[in-house]
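Spelled out from the first residue to the last, the chains are:
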Amino acid sequence: TDTYPFYGQHQSGITTAAQDRLHFAAFDVAADLDRDGLVELLRDWTVAAARMTQGRPAGKYGPASGPADAPPDDTGEALDLPPGGLTLTIGFGPTLFTDTDGRDRFGIASRRPSALVDLPHFAGDALLDAYVGGDLCVQACSDDPQVAVHAIRNLSRIAFGRASIRWSQLGFGRTSSTTRSQTTPRNLFGFKDGTANIKAEDSSVVADQVWADSGDGAGWMHGGSYLVARKIRMVIETWDRQQLGEQERIIGRDKGEGAPLSGGTEFTEPNFLALAPSGGTKIDPDSHVRLAHPTTNNGAQLLRRGYNFVDGNDELGRLNAGLFFIAFQRDPRKQFIPIQQQLARSDAMNEYLKHVGSAIFAVPPGAREGSYVGAGLFD
Ligand code: HEM
């Protein structure tokens, strides 16, 4: 199975071919952590993350070979497993720069990138505190769920006393493809998801829409990106009682092939002007695909990297299901925010959705070997 480098120009886990499984965790740093303590935590995470992505234990002894009188420096459940393409992607939330009381705990408030905005309230948001925000995040993706969980567990163990998990999310099926060599997966509405996503091969689009540039304002973010996460509940029981034709009208694509309703096959560009014999356009103006399309959004695009989730069920036997939406972009003010504002206003899909979680993180560039993720912020 695949192994991806941890060190490099960019962090892995963004343009990397989307793996099958996710464990995402947002962390809050401890109230008494100081600047040196934060840097030390990032150094410790970098070393352990680099080791685990290469299929090695989190610490130098491993789960079963260390001194008998100390706790093992790796918890052990990934011992005999290959890394399954494990990537660990680390991000910094707005509250790391200025906490909710307005304090600059780490002397970095003046270096907060202007693109790292606090997300505005969107029409229809039903956010629950339990799934919002975070000082730090780690996105762990692997084709093996146990490997992803092992990585988050060990980074959380290493952070003990310095940072703790605020909220976390498991995802069991990718809802995007990020390279042309991958087949398009399906979301829990049963539709192909990821067809028109930014793909790693589109290098000029990636450079233009995914990677932040020093010219954008924050030099330390050069080669980094901005991650927006949204936990979106999908009311699948209502969706499942909807007619096929209506489901396709809402998305703007057909369910089998994923082709736009204006015709063609999966990768044919939609034609929003094509007229239906019965009147109106073949693609409904309020369909998700039209409202999210770059031609409706001043050319803005996203690199989507979300996952399906089911967190058990409610007392009526309804699945607590949805899509854990993750998108990477160069500037959320020009990409996620205006696109989501437009979707929130009139997307035909809204009737079946509830946004319950929300967070934004600046994802710094990749670390050089010997250095650590985010080092440029503390220069
Ligand atoms: C496209 C589903 C939420 C942005 C699509 C497609 C589907 C889909 C089936 C068409 C296939 C494709 O090109 O990938 C969903 C579901 C959502 C959701 C089920 C919620 C549970 C969002 C959100 C955003 C978004 C919150 C951004 C704010 C996009 C974009 C496209 C897209 C940019 C590509 C449009 C194009 O260029 O044709 N989505 N989506 N989606 N979606 Fe979503």
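This structure is a prediction, so every number in the text was calculated from the model and none was measured.

**Here's the deal with the site of the ligand**
Alright, step 1. Every one of the 27 residues lining the ligand counts as a neighbour, but Thr195, Ala196, Ala292, Leu323 and Gln340 are closest to it.
Alright, step 2. Contributions of two or more residues to the shell around the ligand are made by β6 (225-234), α7 (288-292), β9 (319-329) and α8 (336-346).
Alright, step 3. Per element, the largest residue contribution to the shell around the ligand is four residues, and it comes from α8.
Alright, step 4. When its residues are assigned to classes, the shell around the ligand shows 16 nonpolar, seven polar and four charged.

**Comments concerning the nonpolar core**
Alright, step 1. Of all hydrophobic cores here, the largest spans 89 residues; its most connected members are Cys137, Ala151, Tyr226 and Phe324.
Alright, step 2. The dominant element in this core, judged by the number of residues it contributes, is helix α1 (residues 35-53), at seven residues.
Alright, step 3. Setting aside chain neighbours within four positions, we find cysteine 137 in contact with Phe24, Ala25, Ala26, Phe27, Gly91, Gly93, Ala359 and Phe361.

**Some words on unusual backbone geometry**
Alright, step 1. Residue asparagine 298 is not a glycine yet carries a positive backbone phi of 50 degrees.
Alright, step 2. As for its position among the elements, asparagine 298 is in the loop between α7 and β7 (303-304).
Alright, step 3. Its 10 C-beta neighbours within 10 Å are what place asparagine 298 among the exposed residues.

**What about the environment of phenylalanine 106?**
Alright, step 1. Mapped onto the elements, phenylalanine 106 comes out in the loop between α2 (94-97) and β3 (136-142).
Alright, step 2. Each C-alpha atom, one on phenylalanine 106 and one on glycine 37, is 9.5 Å from the other, the two residues being 69 residues apart in sequence.
Alright, step 3. Apart from residues no more than four positions distant in its own chain, phenylalanine 106 is found in contact with Arg35 and Leu38.

**A look at the UniProt feature "domain: Dyp-type peroxidase N-terminal" (unreviewed entry) in the chain**
Alright, step 1. Within this structure's numbering, the places UniProt gives as "domain: Dyp-type peroxidase N-terminal" (unreviewed entry) are residues 11-172.
Alright, step 2. The distance separating the terminal C-alpha atoms of residues 11-172 is 22 Å; by composition the span is 23% helix and 19% strand.

**Quick notes on the packing of α1 against helix α3 (residues 145-158)**
Alright, step 1. Taken N-terminus to C-terminus, the directions of α1 and α3 make an angle of 155 degrees; their axes are 10 Å apart at the nearest point. Relative to α3, the element α1 lies roughly antiparallel. Judged by the twist between their axes, the crossing of α1 over α3 is right-handed. Contacts between α1 and α3 involve Asp44, Trp45, Ala48, Ala49 and Met52 on the former and, on the latter, Ala151, Asn154, Leu155 and Ile158.
Alright, step 2. Of the residues in the contact of α1 with α3, the class split is seven nonpolar, one polar and one charged.

**Quick look at the UniProt feature "domain: Dyp-type peroxidase C-terminal" (unreviewed entry) in the chain**
Alright, step 1. UniProt's feature table lists "domain: Dyp-type peroxidase C-terminal" (unreviewed entry) at residues 184-367, given in the numbering used throughout.
Alright, step 2. End C-alpha to end C-alpha, residues 184-367 measures 31 Å, and it is 19% helix and 22% strand.

**Describing the pairing of β9**
Alright, step 1. In terms of residue burial, β9 counts as a mostly covered element, since eight of its eleven residues are buried.
Alright, step 2. Alignment of β6 against β9, held across eight bridges, turns out to be antiparallel. Bridge pairing links alanine 229 to isoleucine 326 in β9.
Alright, step 3. Where β7 meets β9, two bridges bridge the pair, whose relative direction is antiparallel. When the sheet's bridge partners are listed, arginine 304 is paired in β9 with alanine 327.
Alright, step 4. Sheet topology note: the strand β8 (residues 307-313)/β9 ladder contains five bridges and is antiparallel. When the sheet's bridge partners are listed, valine 310 is paired in β9 with alanine 321.

**A few points about α8**
Alright, step 1. Taken together, the buried positions of α8 are Phe336, Ile339, Gln340 and Leu343. The buried residues of α8 all sit within an arc of 95 degrees when viewed along its axis, so they share a single face.
Alright, step 2. Along its buried surface, α8 packs onto β6, α7 and β9.

**Structural notes on the environment of arginine 105**
Alright, step 1. Along the chain, the position of arginine 105 falls in the loop between α2 and β3.
Alright, step 2. With 20 C-beta atoms packed within 10 Å, arginine 105 lands in the buried category.
Alright, step 3. Separated by 209 residues in sequence, arginine 105 and aspartate 314 place their C-alpha atoms 40 Å apart.

Quick notes on the rules
Residues numbered from 1 in each chain as written. Predicted model: local features only at pLDDT ≥ 70, side-chain atom pairs only at ≥ 80, totals over all residues. Near = placed C-beta within 6 Å. Helix = DSSP H or I, 4+ residues; strand = E, 2+ residues; numbered from the N terminus. Nonpolar A, V, L, I, M, F, W, Y, C, P; charged D, E, K, R; others polar. Core = buried A, V, L, I, M, F, W, Y, C linked by C-beta atoms within 7 Å. Buried ≥ 20, exposed ≤ 12 C-beta atoms within 10 Å, placed from the backbone. Contact = placed C-beta atoms within 7 Å. UniProt positions renumbered as here; feature names shortened; annotations may be inferred. Axes fitted to C-alpha atoms, helices over the stretch in contact; angles between N-to-C directions. Parallel < 35°, antiparallel > 145°, perpendicular 65-115°, else oblique. Left-handed = near helix turned anticlockwise from the far one by under 90°. Pairing = 2+ DSSP bridges. Arc of directions from axis to C-beta.

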